[in-house]
Amino acid sequence: MANRNVPIPRRQLYIGGEWREPVKKNRIPIINPATEEIIGDIPAATAEDVDIAVEAARKAIGRDDWGSTTGAQRAKYLRAIAAKVLEKKSVLATLESLDSGKTLYESAADMDDVAGCFEYYAGLAEALDSRRKTPVNLNSDSYKSYVLREPLGVVGLITPWNYPLLMAIWKVAPALAAGCAAILKPSELASITCLELGEICREIGLPSGALNILTGLGPEAGGPLASHPHVDKISFTGSGPTGSKIMTAAAQLVKPVSLELGGKSPIVVFDDIDNLDIAAEWTLFGIFANTGQVCSATSRLIVQENIASAFMDRLLKWTKNIKISDPLEEDCKLGPVVSAGQYEKVLKFISNAKSEGATILCGGERPQHLKKGYYVQPTIITDVNTSMEIWKEEVFGPVLCVKTFKTEEEAIELANDTKYGLGAAVMSKDVKRCERFTKAFQTGIIWINCSQPTFNQLPWGGKKRSGFGRDLGEWGLENFLNIKQVTEYTSAEPLAFYKSPSKN
Ligand SMILES: NC(=O)C1=CN([C@@H]2O[C@H](COP(=O)(O)OP(=O)(O)OC[C@H]3O[C@@H](n4cnc5c(N)ncnc54)[C@H](O)[C@@H]3O)[C@@H](O)[C@H]2O)C=CC1
Ligand SMILES: C[N+](C)(C)CCCC(=O)O
Ligand code: NA
């Protein structure tokens, strides 16, 4: 077992390059979901602190040490942060697991991804220097033009608890690469590693105010950020209802938002797959990785009828093999869900499915051997119909629901039978069929013969109620740029639109 005695640092808000006590001095307890124990606390920001942080961010943009940097200069900061994250990887990963219940293996992988994301956007920041000013040919003798890509300004980044540091970095790295000054508001359920990012920024000497970190409750800290008149954009990842509130607040000021909001993604398995075990493992990974707390989790299995019984048999055998334990134990593959609230919510979804007539094929309860902690067994639910809650609503827990199909048309209809549109997976060795599904799936992310692999280079986001806008890739950077056209009149001739007074 990893060292669970890693001390939990007691931090303040990170504003203007310094640790600063919240104006109202409130703090929120940190709960370890594996033990239900309070292991520390985080500062709770309110509107007063948001004002101070926005001011610090605006100052940073006005100062040469941040506001006049080239992409290449900012890339140096991003690379220094990446190196620090790797240097502190083992402590950061342990803190992430203690705070969120994520398995240590997954937390460590997240820290590699965090460093990789900073490195990736360091490259894009450098490349931005040659793209900063693009001449545009107007086919005109009288006008000359160019287009500038500039930092958008002060941006608010509101992020969830399921990948606490990684989801923050998907926004922080491109925002800093673009030259924005950012205010990060992580989830109150898991903020430790985001506060440690503040310490890293201090250590590497990131110019003050370029990144500010405000922990606190959603309505008290996130709300004032979303409605702040001097915040130029909000980028949000989290639940649909909160996304809707943020969009409403931002709409009052016509503030742009990008929203990445959950899903109910399908995985369609065809009878032509060569290997049931390979497909079964991807299906498992698609719903039980991170204990199912993944916005893109493929939580609806749609399997061809003639292989359904064989496939479900394999799936059950694989599921029985998942080690459920304290997330710091070696080989743990399923930890607790993040909080008491999430635990109650997941169990309620399961009991509602039962009362609506579905069958709990496996799991559905707390594991016998774990008396404390917010643990839920990996759960597979069959005899599901499309009017059931379990088919329609995002559980955000280790719960897979299953339906069978006969024809391709039926599979597509089932796959798209959702208000969400984030991800979708198809498992088949028929290349043409996979192409047909790629076109038919109404989502922003398509996985063929896999589920969940994610790369910094690729756009991440959805359609329908899964939101709009894209994180990652060049699209992630564009989120934080203002496109400015500059047009110059170069002719010596007058405009000659009005009657000239000199001719009176
Ligand atoms: N799509 C995704 O990646 C995620 C989906 N969820 C889903 O959402 C459900 C609820 O989880 P929560 O932690 O409550 O998610 P949430 O969407 O409420 O929280 C996400 C972030 O928004 C902030 N927030 C909350 N209310 C706000 C407001 N009025 N104004 C501004 N910011 C606000 C939170 O403090 C947090 O930083 C989960 O059970 C899960 O189903 C949760 C986290 C991530
Ligand atoms: C793809 N993965 C699992 C690394 C990240 C998913 C992001 C999310 O849940 O919002
Ligand atoms: Na926690």
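None of these values were measured; they are calculated from a predicted model.

Our next topic: the UniProt feature "active site" (unreviewed entry) in the protein. When the UniProt feature table is mapped to this numbering, "active site" (unreviewed entry) covers Glu-260. In this structure, Glu-260 sits in strand β11 (residues 257-260). Exposure remark for Glu-260: the relative accessible area of 3% places this residue in the buried category. Residue contacts for Glu-260: discarding those within four places in its chain leaves Phe-236, Thr-237, Gly-238, Cys-295, Leu-422, Trp-460, Gly-461 and Ser-466.

What follows deals with the environment of Cys-180. Structurally, Cys-180 can be placed in the loop between α6 (164-178) and β8 (181-185). Looking at Cys-180, the relative accessible area reads 0%, which means it is buried. In sequence terms Cys-180 and Ala-251 are 71 residues apart; their C-alpha atoms lie 21 Å from each other. Residue contacts for Cys-180: discarding those within four places in its chain leaves Trp-66, Pro-151, Leu-152, Gly-153, Val-155, Ala-175, Ala-210 and Phe-480.

Sheet architecture is open: three strands sit in the order β5-β6-β22, paired in antiparallel fashion. Strand pairing shows two members of the sheet lacking a second neighbour, β5 (133-136) and β22 (481-489), which therefore form its edges. This sheet shows a mean twist of 25° between the axes of neighbouring strands, independent of strand direction. By the bridge criterion, four bridges tie β5 to strand β6 (residues 143-151) in an arrangement that is antiparallel.

Further remarks concern the packing of aromatic side chains. As enumerated under the stated definition, the model contains 13 aromatic pairs in all. Between the aromatic rings of Phe-497 and Tyr-498, the centroid separation amounts to 4.8 Å while the plane-to-plane angle is 85°, which identifies the pairing as edge-to-face. Against the face of Trp-391 rests Arg-300, its NZ or CZ located 4.5 Å from the ring centre. Above the ring of Phe-270, the side-chain terminus of Arg-433 is found at 3.8 Å from the ring centroid.

Any two packed helices are characterised by the angle at which their axes cross and by the distance between the axes. Two elements in contact, helix α14 (residues 408-415) and helix α15 (residues 431-440), have axes separated by 11 Å at closest approach and are oriented at 30°. Between α14 and α15 lies a crossing whose hand is right-handed. Contacts from Glu-408, Ala-411 and Ile-412 of α14 reach α15 at Arg-433, Arg-436, Phe-437 and Ala-440. Here the contact of α14 with α15 is composed, by residue class, of four nonpolar, no polar and three charged.

Let us now look at the site of ligand 1. Around ligand 1, the surrounding shell holds 27 residues, and the nearest of these are Trp-161, Lys-185, Glu-188, Ser-239 and Lys-345. Here a nitrogen atom of ligand 1 sits 3.5 Å away from a polar atom, N or O, in the main chain of Gly-223. Taken by itself ligand 1 offers 800 Å² of open surface, and the protein chains cover 88% of this. Those elements that place two or more of their residues in the shell around ligand 1 are α8 (218-226), β10 (233-237), α9 (240-251) and α12 (340-355). For the shell around ligand 1, the element with the most residues is α8, which contributes four residues. Partitioned by chemical class, the residues of the shell around ligand 1 number ten nonpolar, twelve polar and five charged.

Our focus in this paragraph is the site of ligand 2. Lining the immediate surroundings of ligand 2 are Asn-162, Tyr-163, Met-167, Trp-170, Glu-260, Val-294, Cys-295, Gln-452, Thr-454 and Trp-460. Between ligand 2 and the protein, one listed contact pairs an oxygen atom with a side-chain N or O atom of Asn-162 at 3.0 Å. At 2.9 Å from an oxygen atom of ligand 2 is found a main-chain nitrogen or oxygen belonging to Cys-295. Against a free-state accessible area of 320 Å², the protein chains account for coverage of 92% of ligand 2. Its residues placed into classes, the shell around ligand 2 shows six nonpolar, three polar and one charged.

With that out of the way, let us pick up the nonpolar core. Grouped together as the largest cluster of nonpolar side chains are 124 residues, with contacts concentrated most on Phe-118, Tyr-121, Ile-169, Leu-211 and Leu-301. The residues touching Tyr-121, leaving out its near neighbours within four places in the chain, are Leu-78, Ala-173, Pro-174, Ala-177, Leu-472, Gly-473, Gly-476 and Leu-477. In terms of nonpolar packing, the next biggest core, distinct from the first, is built from 29 residues, Val-268, Ile-302, Tyr-343 and Val-395 among them.

On to the side chain of Lys-171, then. As for its placement among the helices and strands, Lys-171 is situated in helix α6. Setting aside residues up to four positions removed in sequence, Lys-171 forms contacts with Leu-157, Ile-158, Thr-159, Ser-235, Phe-236, Thr-237, Asp-471 and Phe-480.

What counts and what doesn't
Residues numbered from 1 in each chain as written. Chains lettered and ligands numbered in written order. Predicted model: local features only at pLDDT ≥ 70, side-chain atom pairs only at ≥ 80, totals over all residues. Heavy atoms only, no water. UniProt positions renumbered as here; feature names shortened; annotations may be inferred. Helix = DSSP H or I, 4+ residues; strand = E, 2+ residues; numbered from the N terminus. Buried < 20%, exposed > 50% of the residue type's maximum accessible area, 1.4 Å probe, protein only. Contact = heavy atoms within 4.5 Å. Pairing = 2+ DSSP bridges. Axes fitted to C-alpha atoms, helices over the stretch in contact; angles between N-to-C directions. Phe/Tyr/Trp six-rings, centres within 6.5 Å; stacked < 30°, edge-to-face > 60°. Lys NZ or Arg CZ within 6 Å of the ring centre and 35° of its normal. Left-handed = near helix turned anticlockwise from the far one by under 90°. Nonpolar A, V, L, I, M, F, W, Y, C, P; charged D, E, K, R; others polar. Near = heavy atom within 4 Å. Polar contact = N/O pair within 3.5 Å; in protein donor to acceptor, adjacent residues only side chain to side chain. Areas by Shrake-Rupley, 256 points an atom, 1.4 Å probe, with all protein chains shown as cover. Core = buried A, V, L, I, M, F, W, Y, C linked by side-chain atoms within 4.5 Å.

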